[in-house]
Amino acid sequence: RRKVDSEGCCFQDRWKVEYFFTEIRNHCVCLICQETVAVYKEFNVKRHYQSRHSTYDKLTGHDRSEKLKQLEAVLIECVMKMVENICPEKKQEFANICLARNTVARRIEEISSDIKRQLTSKGVDFDFFSIACDESTDLSDTAQLLIFMRGVDDEMNVTEELLDLQSLTDQTRGKDLFVSVSSAIDDMKLPWNKVTGIITDGAPAMVGERSGLSTLICNKVIEEGGKAIKLHCIIHQQVLCAKHLKYDHVMKPVLKTINFIRSKALCHRQFKQFLLDIQAEYEDVLYHNDVRWLSRGSALQRFYSLRKEIGEFLETKGQPMRELSDPIWLADLGFLVDITKHLNVLNTSLQGKDAAVNQLYSHLKAFGTKLQLFIRQLSQTQPNTIHFSALQEIMNSFPQDNISAQTSRYAADIASLAGEFKRRFQDFAAIEKEISLFSSPFSVDPEDAPDQLQLELIELHCDSELRSRHQQLSLVNFYRQLDKSRFQEIRTLAKKMLSLFGSTYMCEKTFSAMNFNKNRLKWGKKDKRAS
């Protein structure tokens, strides 16, 4: 039988202008819908174009060439958006990429191979490393597993880089994820006994006690003679704690009102014009998205700021919101706005690349201390609401309604929230001694330190020059300058702590960039079909 690959079929440059096709990684790809044609035959390419995109026949000459450039630009724009989110310092280098045929695909492959070579070279020098894993399903229902690694060499140089991105076409059980992670680590020739920890988003497949990914990874490390710890992303846990304060009697009317205003185009336009006419502080209310970390606080804050304008607008629509005239409900709204604002500040402080686990944990401990302060202040006979500005405003607006009597309930709710924080962050509390020893070695009693560190810790405490350096230098530079032979065990502890991820922030950021690009392509296809 005749075989296609023996016919010598190849991509023809003229297909770009005639049929809006290009060649990417040995595939013939339609620039309009991003679908591929199985065989390099003009009949197949032409049939696809005529059956799907014949409306483009009206474009001729210069217009057709301009449309081709526009479609080719979509690919490089997607790459640029990814670069801007993951490595903004390389944006200009990517901007210089040529859009000639195959150039983009080839350059991306070359960059990928070069990064892999560099990471493999650095991996040889790693004394310890940890991994961060997160799995998400994209718009095409394909499960994507992101694996980031954070390694530390003997000079305390920290490398945080994407280890692999794998598409999972079948099940996503713990053992399936383990196979993918194992292949990524083995492919990079990284020794398992140097793994210090794994951090995940807390999904059942990740943290299952028997067959979760974290458990299987830790068991593998033990088999290879090492020891790894399991951590649940500190940001995910903070978000779960924030949901502990449900306050449904406040949230449901607020969301119902926001949806009433924004769900119908005419009503939404009228509301925006109403705000413009009265010169309101803001131009619109915000939708609440439960997936987005800061969405709840932002939506509540905007609703609270526009509560009077919203009440007036609803009156004109014959849909009055009775809650806006209830002082107790308004006080609950003010309290929820304030406490959510504090939670959002914590969430923002936990975000960011290259954050060491001790830095993240210090933010968490500081927030716990703030909660205890709030409890004491709101429990007083004369409540102190200095840190609850919205609540204080409502109390001042309705002095005759004795809203201050509600503050004891707010104190109890904050105490419940503090208990939720304590319950959820047990994994970080389990390594609190190591974190304290790493971040404040001069504050730890040698007798409370592990046996192998006690003598070196005494030496450290008695060295006034090192004490002065600790106060002047950054933590990494301080440990970098410690004598390797004199403080071997302390340096080992420092390298282990520096290698740990505190969150899966980089995974979340990468997924956001991927979804943004795929959404763009999806809506781009719809627009083209509609036209």
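These figures come from a predicted structure and were not determined experimentally.

(A) Seen up close, the overall build of the protein. Broken down by element type, the protein carries 24 helices and eight strands. Dimensions of the protein, computed from C-alpha atoms along their principal axes, come out at roughly 90 × 80 × 45 Å. A fraction of 66% describes how many contacts in the protein between residues 6 or more apart in sequence connect residues 24 or more apart. Surface summary for the protein: the accessible area is close to 28200 Å², and the carbon and sulfur share equals 49%. In the protein, 73 side chains carry a positive charge and 71 a negative one; their mean positions are 6 Å apart.

(B) Looking closely at the pairing of strand 5 (residues 143-153). Counting buried residues in strand 5 gives eleven out of eleven residues, a clear majority hidden from the surface. Neither face of strand 5 is open: one carries A143, L145, I147, M149, G151 and D153, the other Q144, L146, F148, R150 and V152, and all of them are buried. Sheet topology places strand 4 (residues 126-137) next to strand 5; eleven bridges connect them, and they run antiparallel. Bridging from a neighbouring strand, A132 pairs with F148 of strand 5.

(C) The domain arrangement of the protein, seen in detail. Assigned domains of the protein: these are domain 1 (13-97), domain 2 (117-233), domain 3 (240-423) and domain 4 (444-499). Taking only C-alpha atoms, the centre of domain 2 and the centre of domain 3 are 38 Å apart.

(D) Region of interest: helix 17 (residues 407-424). Here helix 17 spans 26 Å end to end across 18 residues, near enough to the 26 Å set by a 1.5 Å rise per residue. Buried within helix 17 are the following residues: T407, Y410, A411, D413, I414, L417, A418, E420 and F421.

(E) Representation of the packing of aromatic side chains within the structure. Scanning all chains against the criterion turns up 18 aromatic pairs. Between F11 and W15, the ring centres sit 5.5 Å apart and the planes meet at 80°, which makes this aromatic pair edge-to-face. One exposure class covers both F11 and W15, and it is buried. Grouped by ring-pair contacts, the aromatic residues Y247, F335, F374, F388 and Y410 constitute a single cluster. Lying over the aromatic face of W192, K220 brings its terminal NZ or CZ to 5.6 Å of the ring centre. Stacked on the ring of Y304, the Lys or Arg R307 has its end atom at 4.1 Å from the ring centre.

(F) How the structure looks around the nonpolar core. In this structure, L333 and F421 are the most contacted members of the largest nonpolar core, which totals 96 residues. Ignoring sequence-local partners within four residues, the contact set of F421 consists of Q238, C241, L343, L346, L364, F367 and L371. Membership of the second largest hydrophobic core comes to 27 residues, among which are F126, I217, C218 and V221.

(G) The packing of helix 15 (residues 357-379) against helix 17, seen in detail. At a minimum axis separation of 8 Å, helix 15 and helix 17 run at an interaxial angle of 160°. On the basis of their axis angle, the class for helix 15 and helix 17 is roughly antiparallel. In terms of crossing hand, the pair formed by helix 15 and helix 17 is left-handed. On the side of helix 15, the interface is formed by L364, F367, L371, Q372, F374, I375, L378 and S379, while helix 17 contributes T407, S408, Y410, A411, I414, A415, L417, A418 and F421. Here the contact of helix 15 with helix 17 is composed, by residue class, of 13 nonpolar, four polar and no charged.

(H) Structural detail: unusual backbone geometry. Phi is positive for K189, which is not a glycine, with a value near 60°. Turning to its location among the elements, K189 is positioned in the loop between helix 6 (174-187) and strand 7 (195-200). Judged by relative accessible area, which is 67%, K189 ranks as exposed. With phi around 50°, Y247 is a residue other than glycine that occupies positive phi space. As for its placement among the helices and strands, Y247 is situated in the loop between helix 9 (234-242) and helix 10 (248-263).

(I) Focus on the sheet that holds strand 3 (residues 36-37). Spatially, the three strands line up as an open sheet ordered 1-2-3, and their pairing is antiparallel. The sheet is open, and its two borders are formed by strand 1 (21-24) and strand 3, each paired with just one other strand. Note that strand 2 (residues 27-30) and strand 3 share two bridges and pair antiparallel. Bridge pairing links C28 to V37 in strand 3.

(J) Structural view of the sheet that holds strand 5. One open sheet holds the five strands; their spatial order is 6-5-4-7-8, and the pairing between them is mixed. With partners counted over all chains shown, the strands left at the sheet margins are strand 6 (158-168) and strand 8 (229-232), one partner each. Here the average twist between neighbouring strands, direction ignored, is 20°. By the bridge criterion, four bridges tie strand 4 to strand 7 in an arrangement that is parallel. Its bridge partner being in strand 7, S130 is matched across the sheet by G197. Running over the sheet, helix 23 (residues 488-499) touches strand 4, strand 5, strand 6 and strand 7 and is turned about 15° from strand 4.

Conventions and cut-offs
Residues numbered from 1 in each chain as written. Predicted model: local features only at pLDDT ≥ 70, side-chain atom pairs only at ≥ 80, totals over all residues. Heavy atoms only, no water. Helix = DSSP H or I, 4+ residues; strand = E, 2+ residues; numbered from the N terminus. Contact = heavy atoms within 4.5 Å. Areas by Shrake-Rupley, 256 points an atom, 1.4 Å probe, with all protein chains shown as cover. Lys, Arg positive; Asp, Glu negative; His and termini not counted. Charge placed at Lys NZ, Arg CZ, Asp CG, Glu CD. Buried < 20%, exposed > 50% of the residue type's maximum accessible area, 1.4 Å probe, protein only. Pairing = 2+ DSSP bridges. Domains from an automatic or database assignment. Expected span 1.5 Å × (residues − 1). Phe/Tyr/Trp six-rings, centres within 6.5 Å; stacked < 30°, edge-to-face > 60°. Lys NZ or Arg CZ within 6 Å of the ring centre and 35° of its normal. Core = buried A, V, L, I, M, F, W, Y, C linked by side-chain atoms within 4.5 Å. Axes fitted to C-alpha atoms, helices over the stretch in contact; angles between N-to-C directions. Parallel < 35°, antiparallel > 145°, perpendicular 65-115°, else oblique. Left-handed = near helix turned anticlockwise from the far one by under 90°. Nonpolar A, V, L, I, M, F, W, Y, C, P; charged D, E, K, R; others polar.

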